[in-house]
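Structural features, examined
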Amino acid sequence: MYGIMLIVVLVLTGGVIAFIGDRLGSKVGKKKLSLFGMRPKHTSILVTIVTGILITTVTFGVLAIASENVRTALFGMEKLRKEMQATQEDLDEATVSLETMKQDLTFTKDEYDKSKKELEKSQSELEKAQSSAEELKRQQEQLQARNYQLLADNEQLIGNNSQLAQENSDLLADNDILTANNQSLKTDNASLEKLNSDLQEGIENIRERPIVYRVGELLASGIIKKTDSPGQIQHDLNQIVALANSKIVDRLGEEEAKNGVWIYPAEYEEAVKTLMHADRDMVVRLIVAANLVKGDAVLTDLELHPNRMVYQKDELVYQKVYDISVDGINTEYLIGDFLRNVNKTATSNGILPNPLTGAVGVISGNQIYSIDKALQNSSGNILVSAYAVQNTDILGPLRLNIVLHQEDDKNE
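1. Some details on the sheet that holds strand β4 (residues 282–288)
Within the open sheet, the four strands sit side by side as β2-β4-β6-β3. Their pairing is mixed. Looking along the sheet, the strands with just one partner apiece sit at the ends: β2 (218–224) and β3 (261–263). Here the strands of the sheet are splayed against their neighbours by 35 degrees on average, with no regard to which way each runs. Here β2 pairs with β4 via six bridges, running antiparallel. Its bridge partner being in β4, G222 is matched across the sheet by V284.

This is how it looks when you write it as structure tokens:
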């Protein structure tokens with residue numbers, strides 16, 4: 001629409017200028033005007049030429065004013081051509097780059113497809129490897145379970161007959177050596193026979209030697225006062241050990257008791273540390289750790305117990321009512337039952353029993369005889385009570401005063 005209007009304006013402008021020029025030429029011709037000393041005819045021709053020049057000039061001027069493209073075509077064509085050439089060169093370079101990129105893209109795509117195939121192949125191989133690993137793991141677990149079972153069975157067999165297994169292993173090893181060299185077999189066999197004879201002789205000697213101390217027997221005991229002095233603690237411990245050694249001498253004599261008490265060094269050091277950090281007096285007991293035959297050292301264990309007062313003097317320990325009216329009742333059984341209950345009660349309250357006998361109290365035979373006599377001369381319900389003779393801590397022994405009291409019918 002803009003171009004059509006521009007053409008219309010140019011046509012009208014050219015027509016107006018031509019009309020004006022024609023009128024001026026006619027007027028100049030009719031009036032025979034002369035310009036620059038020229039003849040009227042030549043002046044008319046000049047006016048016509050000038051009019052044509054004006055038409056062309058005005059036309060270009062209007063086009064240049066009205067359209068930027070016309071201005072560019074008139075005055076910037078060379079620049080435009082250079083820009084078009086540069087643009088074309090850039091386009092050619094871009095085209096080349098595009099082709100290169102397309103080739104690179106095609107190569108990259110091929111490489112990607114190749115890598116993808118290799119990845120898929122690797123994943124497939126990985127899955128197979130994982131499957132194989134899981135299968136191997138399952139088999140390994142089965143083998144391990146079987147191995148544990150075999151180990152358990154083997155340990156059971158070893159536990160049931162370890163000595164026989166050791167002897168069998170020795171015999172198998174000896175048999176291999178003997179197979180390789182018969183002479184060596186005879187020599188080894190003779191050595192084994194001599195060794196067996198020596199062992200048999202040693203076993204016979206051990207059997208002939210009597211057991212002088214039984215495992216669990218109490219050797220000695222004592223109370224170590226609370227202190228943080230290692231020297232004092234070791235001195236007190238050595239006093240208890242010396243007491244144990246003196247008892248061994250009394251039982252075995254100087255010659256047989258020369259080895260004395262043996263305490264594991266680590267256990268001794270641990271006991272010293274425990275006593276140093278104790279917050280109260282401690283009871284120490286030396287207990288025989290293994291059956292002892294004459295001539296051997298007395299292996300002992302150290303027992304440590306926090307000391308405390310269990311019974312005050314004249315404090316009631318235990319009491320029970322017995323019916324003496326039953327015909328044929330055994331008073332010795334009643335006394336034994338009462339003393340067992342006293343022992344059980346005192347032990348539960350904290351007094352340390354003899355590790356071998358389990359007893360905690362001391363009562364004389366005369367006192368038992370007197371109680372038995374009193375029970376035989378009594379009838380009805382008799383309250384039997386046991387009282388502590390003196391203040392007694394956990395070390396004991398608990399000395400008893402037993403009192404009998406006749407219960408009346410109301411108390412029954």
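2. Some thoughts on the confidence of the model for the protein chain
Taken as a whole, the protein chain shows an average pLDDT of 78; of its residues, 77% reach a score of 70 or greater. The least confident element of the protein chain is helix α5 (residues 182–208), whose mean pLDDT is 60; the most confident is strand β7 (residues 309–311), at 91.

3. Considering the environment of L218
When you line up the elements, L218 lands in strand β2. Exposure remark for L218: the relative accessible area of 27% places this residue in the partly exposed category. Sequence-distant contacts of L218, defined by excluding residues within four places in its chain, comprise R285, L286, I287, N354 and P355.

4. Some thoughts on the pairing of β4
Walk down a regular strand and you will see the side chains alternate between the two sheet faces. Of all seven residues in β4, seven are buried, a share of seventy percent or more. Of the two faces of β4, the one lined by M282, V284, L286 and V288 and the one lined by V283, R285 and I287 are each fully buried. As paired strands, β4 and strand β6 (residues 298–306) are joined by seven bridges and run antiparallel to one another. Bridging across to β6, V283 finds its partner in H305.

5. Let's talk about helix α8 (residues 331–349)
Side chains three or four residues apart in an α-helix point the same way, a direct result of the helix having 3.6 residues per turn. Along its 19 residues, α8 runs 27 Å from first to last C-alpha, staying within 8% of the 27 Å computed at 1.5 Å per residue. Contact partners of the buried residues in α8: β7, β8 (316–323), α9 (365–376), β10 (381–388) and β12 (398–406). Structurally, the start of α8 carries an N-cap: the backbone nitrogen of E332 is 3.0 Å from a side-chain oxygen of N330.

6. Considering the sheet that holds β8
Read from one edge to the other, the open sheet built from four strands follows the order β8-β10-β12-β9, with strand pairing classed as mixed. Both edges of this open sheet fall to β8 and β9 (361–362), since each of them pairs with a single strand only. Relative to β12, β9 runs parallel, the two being bridged by two bridges. Within β12, the position partnered with G361 by the bridge is L398.

Reading the values: the criteria
- Residues numbered from 1 in each chain as written.
- Predicted model: local features only at pLDDT ≥ 70, side-chain atom pairs only at ≥ 80, totals over all residues.
- Heavy atoms only, no water.
- Pairing = 2+ DSSP bridges.
- Helix = DSSP H or I, 4+ residues; strand = E, 2+ residues; numbered from the N terminus.
- Axes fitted to C-alpha atoms, helices over the stretch in contact; angles between N-to-C directions.
- pLDDT = per-residue confidence, 0-100.
- Buried < 20%, exposed > 50% of the residue type's maximum accessible area, 1.4 Å probe, protein only.
- Contact = heavy atoms within 4.5 Å.
- Expected span 1.5 Å × (residues − 1).
- Polar contact = N/O pair within 3.5 Å; in protein donor to acceptor, adjacent residues only side chain to side chain.

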